[in-house]
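Each chain is listed here by its residues.
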Amino acid sequence: MTGAGRVSLVGAGPGDPDLLTLRGARRLGEADLVLYDALASERMRPLAPRARWFYVGKRACRNSIDQDVLNRLMIKHASRGRHVVRLKCGDPFVFGRGGEEVLALSDAGVPVEVVPGLSTATAAPALAGIPVTHRGVAHDFTVVSGHLPPGHPDLLTDWDAVARLHGTLLLMMAVENAPAIADALLAGGRKPETPVAVVCDGSMPGERTVLSTLGSLAGDLERDEVQPPAIIVVGDVVAVARPEHYNDRRG
Ligand SMILES: C[S@@+](CC[C@H](N)C(=O)[O-])C[C@H]1O[C@@H](n2cnc3c(N)ncnc32)[C@H](O)[C@@H]1O
């Protein structure tokens, strides 16, 4: 153990250890215990050689360990003087419940720091060669969750308002509901020929990019058997990317 207990919420980035920040790597090296989820890559284990690793099993925001239980686990180990690293995919504060964890730890008097990570919202498109903004094409981008919390059968977002935005849309946790989201965007006025790229497993060995359009997205996802995790990029910036950047292209 290294002195007083504390918790570091470390953003792991998209998964490749090369894309972790230097501070994140340093915190892993100092850790006594690493609590990680499915998308925070196990490939980072060598960076925390003396820590115990404990899987807390979150995938696409579906918690297999209750958030309260997880908070209590962090509090318990930090209270025993351990340095706990809570390793979260991407950036801890982007759809990562990092804010809730910081509040719970602060309320319990546990010292906590946040180490930002590369959010997959922009990192996955960048890895696929897609600029989320591009002069003359898109001057803003919007990150939207496509996930429906349990008990919410309807899409929570005002998709009419989202459809009216001119910039790039970056949809996270959206593979499952992509057909409904595409319909909602089309109903809101986006054109069926709007370019779409689905960047799957960004930075991971199986990384690939599926090109589509809003009108054909549902069929293309099914045809290419697209599985999460993926970032769905909607907008003309998709057409800016040079084909040689894609690992996989539509036939
Ligand atoms: C619970 S959210 C966490 C987001 C994370 N905090 C971030 O900043 O990237 C999980 C979603 O992140 C995206 N994601 C995570 N890892 C990814 C990867 N390697 N490639 C593409 N998308 C990824 C997917 O949209 C996935 O459904």
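Refer to the structure printed above.
Residues numbered from 1 in each chain as written. Predicted model: local features only at pLDDT ≥ 70, side-chain atom pairs only at ≥ 80, totals over all residues. Heavy atoms only, no water.

1. Observations regarding the site of the ligand
Link 1 in the chain: In the vicinity of the ligand there are 19 residues, among which Val94, Ser119, Thr120, Gly202 and Ala230 approach most closely.
Link 2 in the chain: One nitrogen or oxygen atom from the main chain of glycine 202 is found 2.8 Å from a nitrogen atom belonging to the ligand.
Link 3 in the chain: The backbone of alanine 230 places a nitrogen or oxygen atom 2.7 Å from an oxygen atom of the ligand.
Link 4 in the chain: Against a free-state accessible area of 570 Å², the protein chains account for coverage of 96% of the ligand. (Near = heavy atom within 4 Å. Polar contact = N/O pair within 3.5 Å; in protein donor to acceptor, adjacent residues only side chain to side chain. Areas by Shrake-Rupley, 256 points an atom, 1.4 Å probe, with all protein chains shown as cover.)

2. Side note on the sheet that holds strand S12 (residues 230–234)
Link 1 in the chain: Here 5 strands make up an open sheet; going across it, the order is S8-S9-S12-S10-S11 and the pairing mixed. Edge strands, defined here as strands with exactly one partner in the open sheet, are strand S8 (141–145) and strand S11 (208–213). This sheet shows a mean twist of 20° between the axes of neighbouring strands, independent of strand direction.
Link 2 in the chain: Bridge count for strand S10 (residues 195–200) against S12 is 5 bridges, and the pairing is antiparallel. Counted as the bridge partner of valine 196 is valine 234 from S12. (Pairing = 2+ DSSP bridges. Helix = DSSP H or I, 4+ residues; strand = E, 2+ residues; numbered from the N terminus. Axes fitted to C-alpha atoms, helices over the stretch in contact; angles between N-to-C directions.)

3. Regarding the sheet that holds strand S2 (residues 33–36)
Link 1 in the chain: Across the sheet, which stays open at both edges, the 5 strands sit in the order S3-S2-S6-S1-S7 with parallel pairing between neighbours. Looking at strand neighbours, the two that pair on one side only are strand S3 (52–55) and strand S7 (112–115), the edges of this open sheet. Direction aside, neighbouring strands of the sheet carry axes that sit 20° apart on average.
Link 2 in the chain: The sheet contact formed by S2 and S3 spans 4 bridges and is parallel. Along S3, the bridge assignment pairs leucine 35 with phenylalanine 54.

4. Some words on the packing of helix H2 (residues 67–79) against helix H3 (residues 98–107)
Link 1 in the chain: With their axes 10 Å apart at the nearest point, H2 and H3 run at an angle of 50° to one another. For the element pair H2 / H3, the angle class is oblique. Between H2 and H3 lies a crossing whose hand is right-handed. On H3, the residues that touch Gln67, Leu70, Asn71, Met74 and Ile75 of H2 are Glu100, Glu101, Ala104 and Leu105.
Link 2 in the chain: Considering only residue class, the contact of H2 with H3 consists of 5 nonpolar, 2 polar and 2 charged. (Parallel < 35°, antiparallel > 145°, perpendicular 65-115°, else oblique. Left-handed = near helix turned anticlockwise from the far one by under 90°. Contact = heavy atoms within 4.5 Å. Nonpolar A, V, L, I, M, F, W, Y, C, P; charged D, E, K, R; others polar.)

5. Here's the deal with the pairing of strand S9 (residues 168–172)
Link 1 in the chain: Extensive coverage of S9 is indicated by the burial of 5 of its 5 residues.
Link 2 in the chain: Side chains of S9 alternate between two faces, with Thr168, Leu170 and Met172 and Leu169 and Leu171 buried alike.
Link 3 in the chain: Of the strand pairs in this sheet, S8 and S9 are connected by 5 bridges, and their pairing is parallel. Within S9, the position partnered with valine 144 by the bridge is leucine 171.
Link 4 in the chain: The sheet contact formed by S9 and S12 spans 4 bridges and is antiparallel. Note on S12: the bridge partner recorded for methionine 172 is isoleucine 231. (Buried < 20%, exposed > 50% of the residue type's maximum accessible area, 1.4 Å probe, protein only.)

6. Topic: the packing of aromatic side chains
Link 1 in the chain: Per the stated rule, a full pass over the model turns up 2 aromatic pairs.
Link 2 in the chain: Each ring, one from tyrosine 36 and one from tryptophan 53, has its centre 5.3 Å from the other, and the planes form 65°; the classification is edge-to-face. Taken as a pair, tyrosine 36 in strand S2 and tryptophan 53 in strand S3 lie far apart in primary sequence, 17 residues in all.
Link 3 in the chain: Note on tyrosine 36: relative accessible area 6%, which makes it buried.
Link 4 in the chain: A connected cluster of aromatic rings, assembled from ring pairs, spans Tyr36, Trp53 and Tyr55. (Phe/Tyr/Trp six-rings, centres within 6.5 Å; stacked < 30°, edge-to-face > 60°.)

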